[in-house]
Amino acid sequence: IMPKFRVSLFSLALMLAVLILLSSFAGAEVFAARQRFTDVPPSAWHFSYIENLAERKVVSGFGSSGEFKPDNNVQRQHVCKMIVLAAGLPYAGKQARFPDVDKNSEMSPYIAALQERAVVGGFSDGRFRPRNNVTRAEASIMIAKAFGIRSAGASGSLKDVSGHWAETQIRILASNGIVKGYADGRFRPWEPVTRAQLSKMITVAMAVAGVQKAEAY
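Just so you know, these numbers come straight off a predicted model, no measurement behind them.

Definitions and cut-offs
- Throughout this document, residue positions are counted from 1 along each chain, in the order its sequence is written.
- With pLDDT at 70 or above as the cut-off, local features in this predicted model cover only qualifying residues; side-chain atom pairs require 80 or more to be listed or tallied, and sums for whole chains, interfaces and linings still use all residues.
- Side-chain measures here rest on the full set of heavy atoms in the structure, leaving out hydrogens and waters.
- Only runs of H or I of at least four residues qualify as helices and only runs of E of at least two qualify as strands under DSSP, and these elements are numbered from the N terminus.
- Buried means the residue's accessible area, taken with a 1.4 Å probe over protein chains only, is under 20% of the maximum for its type, while exposed means over 50%, and partly exposed covers the values in between.
- Here, residues are in contact when the closest pair of their heavy atoms is within 4.5 Å.
- Any Lys or Arg side-chain nitrogen found within 4 Å of a carboxyl oxygen on Asp or Glu counts as a salt bridge.
- As used here, the term nonpolar core means buried Ala, Val, Leu, Ile, Met, Phe, Trp, Tyr and Cys residues forming a set that is joined through side-chain atoms within 4.5 Å.

J.: Before we go on, may I ask you to explain the overall build of the protein in this structure?
T.: Along its length, the protein carries eight helices and zero strands. Counting from the amino terminus, helix and strand elements in the protein follow one another as α-α-α-α-α-α-α-α. Residues classed as buried in the protein amount to 47% of the 217 residues present. In the protein, the proportion of contacts linking residues at least 24 apart, taken out of those at least 6 apart, comes to 69%.

J.: Just checking my understanding: could you explain the pattern of salt bridges for this structure?
T.: Close approach of charged atoms allows side chains of opposite charge to pair. Under the criterion given, the structure shown has ten salt bridges. When the shortest N-O distance is used, the salt bridge between Arg36 and Glu51 registers 3.2 Å. Residue Arg36 is found in the loop between helix H2 (29-32) and helix H3 (47-55), and its partner Glu51 is found in helix H3; the two are separated by 15 residues along the sequence. A cluster of three or more residues bridged by salt bridges with shared partners is formed by Asp184, Arg186, Arg188 and Glu191.

J.: Is there a simple way to explain unusual backbone geometry in this structure?
T.: Note on backbone geometry: most residues besides glycine have negative phi, and most peptide bonds are trans. One non-glycine residue, Lys69, adopts positive backbone phi at about 55 degrees. Residue placement: Lys69 occurs in the loop between H3 and helix H4 (76-87). Residue Lys69 is classed as partly exposed on the basis of its relative accessible area of 30%.

J.: Help me understand the nonpolar core in this model?
T.: In this structure, Ile83, Leu114, Ile143, Phe147, Ile178, Leu198 and Ile202 are the most contacted members of the largest nonpolar core, which totals 60 residues. At the level of elements, H3, H4, helix H5 (108-116), helix H6 (136-147), helix H7 (167-175) and helix H8 (195-215) are the ones that each hand at least two residues to this core. Top contributing element to this core by residue count: H8, with nine residues. The contact partners of Ile202, leaving out residues within four places of it in the chain, are Leu53, Met82, Ile83, Ala86, Ile143 and Phe147.

Here is the structure:
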């Protein structure tokens with residue numbers, strides 16, 4: 001069990017890391033709340049997370065509409081791209097080995113990068129189903145594995161994850177403040193993750209991974 005003082009130090013370091021991460025992408029502009037997307041106002045809870053990833057070219061908007069569509073669901077192939085870019089994993093020239101993923105497609109290298117690391121795999125029929133929407137549980141597994149996140153101790157009370165196949169990864173992320181439950185105490189692992197939720201999860205995971213890597217030295 002991690003001593004209380006170490007948990008407090010970790011929490012402080014994490015908060016500082018998140019603040020540095022969010023402020024570094026735009027310098028003083030972050031305080032001016034510059035709005036990039038028409039549907040992501042500075043008052044939105046997900047504003048800083050989305051702006052951070054957009055500045056790092058991890059995410060982008062839709063066409064010429066200027067919209068981010070934060071409440072949209074996210075396909076498996078797009079989650080792979082976001083995670084690979086955010087984690088800084090090598091992907092150039094790689095080809096996914098799934099029968100339903102064109103080896104020469106835009107998303108193939110990102111899928112392949114995670115496939116090589118056993119972060120993602122196929123279904124029982126061998127297919128990857130790149131256009132399937134990703135659930136909150138699936139996103140938790142992918143992020144925990146890709147960023148190599150370790151448990152920080154207690155994960156709080158999440159009423160609906162006990163016995164779930166993704167319980168370990170969900171609790172690892174919860175212990176680090178990367179995910180939280182809803183007001184009713186449930187995590188809702190089977191619900192599709194939204195673009196806004198995923199942006200927060202990835203941004204905080206970047207900060208946590210940085211802190212944990214520093215602690216290892």
